[in-house]
Amino acid sequence: MLKTPDMLLLFFCLVGAADALHKQWIPDTNYENKTNWDKKDVPCGNDIVWFPAQRKVSVFVETMHAVQEMRLPVGGEFILNSGAGFHVVTGKDPGCGAGVTTKFKDSESLQWFNPALWQAAATLEDLQLGNFLFSVHEESVPCQHDDVVFKARSSFRVDTSSSQSSVPVKSVSVLGKKFESSSEFSWYLISRSGLLQFHGSSAVTLRNQECGDLSGCDCGNSGNRQRICNTVTCASLSCKNPLLPVGHCCEVCGAIVTIRYATGFNLQTYRQRIRHIFLILPQYKSIQLGMSKVFKSQRLMGIGPFGTSPEIQVVILDGEEGTQSEDLARDIVKDAQSHGSNLGITDAEFQASSGSSSDQTGGNTGMVVGVVFGVLIVITLIIIVVFLIRKGVVQMPSSLPSLPSLSSFKRSRDVEDLGGPLDHGFDNPIFNNPSILSNVPGLYATETNNSISMTQTGVHFSNPVYDENETDLSA
Ligand SMILES: *[C@@H]1O[C@H](CO)[C@@H](O)[C@H](O)[C@H]1NC(C)=O
């Protein structure tokens, strides 16, 4: 049981801290890391250690090492832990093999905007315990309000080139020192170590700005989406209806819960709630869940973007067909519906890659409405065009064969009646420009001469896209 002071402390932790994560850079340039050597092993007393001459690198050395010979780069540094160093072995090192030349690997191309090179956690402690959080690709890279961590007792080299002039974050920790002041960190960046660790066309800058909104903040990486997604290879999927989460580079099999909220919603508290109620259950052990505020563009009747609105996106993956994800999505929506008023949630719904969703009938109605509207718009357009042609407002280009079926419009009484009041229409530049028209495949070609006809019962047209003779649509 928690004693009252602990409870209070916990309460203040949850309420005081707005949503921000710790993001830790994974690769290092440590002497002791086997993956940094081309022979995939740390060199020993019979080996020749080779740092190529032009390599710009800051190497962290933890302990004492024996070497046969060492070739050093022109610019570079060793950061020696206390007690660390090198000594040359005279004669043979019995614990070492025959002796090889081993080269320190190149870390020149490792990019800040590569989501695979970061791990995220809610706190520093969680980072150390390995309680990592899953995020969509854009948010796997540090967001503007995140604390960036380069491991203590470790060095690195990162290319911070960005599509913007700077790479804003809240704070940066290097070699166990946390920088929170932007001027102090700019001084570090032009120090010897700073210049070897950070390179590229943009500089990391500290805003030291909390996300002031308890419901979460925009990550701010969408301007670098192209750069981020260029580093990602998408896996091939086996589910029926793959989903594309906002901020992710790849379609996924799983489920997405969309939550709309009101004042009082706290993203960090809600993330903890989901973790403690659901993610600890054995059946959800292999689940990856990422939760963040995203800005989704709103559409009216399925057409055109009409501004953006913030909502909470919960992406749930299970690495398989997505059945567990769907179960969890149902549980989360149920939980939101029964406790929504306490949590500040106004609405929650989900979509799963199996094709099911929390609002199936709604979805179908929407589609029917969309189709009916689409057909009405097409018919209206055809009537307007025919009317304009008949009125002579729009001229048929003389180089094109006239449409025989047009004569039937003249006989139609319905259309005749429309004639009077609407005399002046608009000039459509496309219809006055034969060269544009002749570039439209099939539209005015001879085989489609009969594509529009009018009978007593209505207007009939065949869609050239569905014409069986028309195979090459891209022409
Ligand atoms: C060694 O480097 C690899 C790749 O950069 C990294 O994944 C691994 O965690 C490092 N090993 C240690 C012990 O830090």
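Sequence order sets the numbering: in each chain, residues are counted from 1 along the sequence as written. pLDDT decides what is reported in this predicted model: residues at 70 or higher carry local features, side-chain atom pairs at 80 or more are listed and counted, and totals for whole chains, interfaces and linings draw on all residues regardless. With hydrogens and water excluded, all non-hydrogen atoms of the structure serve as input to the side-chain values.

Colleague: Help me understand the site of the ligand in this model?
Modeller: Neighbouring the ligand are Ile 26, Pro 27, Asp 28, Asn 33, Thr 35 and Lys 151. One nitrogen or oxygen atom from the side chain of Asn 33 is found 2.3 Å from an oxygen atom belonging to the ligand. In the analysis that follows, any N or O atom pair within 3.5 Å is treated as a polar contact, provided that within protein one partner can donate a hydrogen and the other can accept it, and provided that, for residues neighboring in sequence, both atoms belong to side chains. In this structure, an oxygen atom belonging to the ligand sits 3.0 Å away from a side-chain N or O atom of Thr 35. Considered on its own, the ligand offers 360 Å² of accessible surface; in the complex 46% of this is hidden by protein. Gly is placed with the polar residues, together with every amino acid not listed as nonpolar (Ala, Val, Leu, Ile, Met, Phe, Trp, Tyr, Cys and Pro) or charged (Asp, Glu, Lys and Arg). Classifying every residue of the shell around the ligand by side-chain character gives two nonpolar, two polar and two charged. Here a residue counts as near a molecule or strand whenever at least one of its heavy atoms sits within 4 Å of it. The protein chains shown are the only cover counted for residues, whose accessible areas, like all others here, come from Shrake-Rupley with a 1.4 Å probe.

Colleague: I would appreciate a short explanation of the sheet that holds strand E5 (residues 69-71) in the present structure.
Modeller: Within a sheet, each strand pairs with its neighbour through backbone hydrogen bonds, oriented either parallel or antiparallel. In space, the three strands of this open sheet follow the order E5-E2-E8, with parallel pairing throughout. Each end of this open sheet is capped by a strand with a single partner; those strands are E5 and strand E8 (101-103). Recorded for the sheet is a direction-independent mean angle of 15° between the axes of neighbouring strands. The pairing criterion for strands is at least two bridges between them, as found by DSSP. A helix here means a DSSP run of H or I that spans at least four residues, while a strand means a run of E at least two residues long, and both kinds are numbered starting from the N terminus. Here strand E2 (residues 48-50) pairs with E8 via three bridges, running parallel. Opposite Trp 50, over in E8, you have Lys 103 as the bridge partner. Under this scheme, a helix contributes an axis fitted over its contacting stretch, all axes are lines through C-alpha atoms, and angles between N-to-C directions fall in the 0 to 180 degree range.

Colleague: Just to check I follow, could you spell out the nonpolar core for this structure?
Modeller: Here, nonpolar core means buried Ala, Val, Leu, Ile, Met, Phe, Trp, Tyr and Cys residues that are tied together by side-chain atoms lying within 4.5 Å of each other. For every residue, the accessible area obtained with a 1.4 Å probe (protein chains only) is divided by the maximum for its type, and the residue is called buried under 20%, exposed over 50%, and partly exposed between those limits. Counting 26 residues, the largest nonpolar core has Trp 112, Phe 150, Val 172, Val 174, Phe 185, Phe 198 and Val 204 as the members making the most contacts within it. Within the residue set of this core, elements represented by two or more residues are strand E12 (166-169), strand E13 (171-174), helix H4 (182-189), strand E16 (203-206) and helix H6 (225-230). Counting residues per element, this core draws most heavily on H4, at three residues. Beyond its immediate sequence surroundings of up to four residues, Val 174 is in contact with Phe 150, Phe 156, Phe 179, Tyr 188, Gln 197 and Phe 198. If you look at the next biggest cluster of nonpolar residues, it comprises 25 residues, including Ala 255, Leu 267, Phe 278 and Ile 316. Pairs of residues are marked as contacts when any of their non-hydrogen atoms sit within 4.5 Å.

Colleague: I would appreciate a short explanation of the sheet that holds strand E1 (residues 22-25) in the present structure.
Modeller: Taken in spatial order, the five strands make up an open sheet running E9-E1-E10-E13-E14, and their pairing is mixed. Unpaired on one side and paired on the other, strand E9 (118-121) and strand E14 (177-179) mark the two borders of the sheet. The mean inter-strand angle of the sheet, taken between neighbouring strand axes irrespective of direction, is 20°. Pairing of E13 with E14, which is carried by three bridges, proceeds in the antiparallel orientation.

Colleague: Just to check I follow, could you spell out the packing of aromatic side chains for this structure?
Modeller: For any pair of aromatic rings, the description consists of the separation of the ring centres together with the inter-plane angle of the planes. Any pair of Phe, Tyr and Trp rings, taking the six-membered ring for Trp, is counted once the centres come within 6.5 Å. Such a pair is stacked with planes under 30 degrees apart, edge-to-face with planes over 60 apart, and tilted for the rest. Evaluation of the coordinates by the stated rule reveals 20 aromatic pairs. Seen from their ring centres, Trp 25 and Trp 118 are 5.1 Å apart, and the 65° between their planes marks the pair as edge-to-face. Note that Trp 25 is positioned in strand E1 and Trp 118 in strand E9, a separation of 93 residues in sequence. Accessibility expressed as a relative area gives 1% for Trp 25, which makes it buried. Judged by centre distance (5.6 Å) and plane angle (80°), the rings of Phe 51 and Phe 78 are edge-to-face. Pair noted here: Phe 51 is in the loop between E2 and strand E3 (57-61) and Phe 78 is in strand E6 (residues 76-80), with a separation of 27 residues, a long-range link. Accessibility expressed as a relative area gives 2% for Phe 51, which makes it buried. Among the aromatic side chains, those forming a connected cluster through ring pairs are Trp 25, Trp 112, Trp 118, Phe 150, Phe 156, Phe 179, Phe 185, Tyr 188 and Phe 198.

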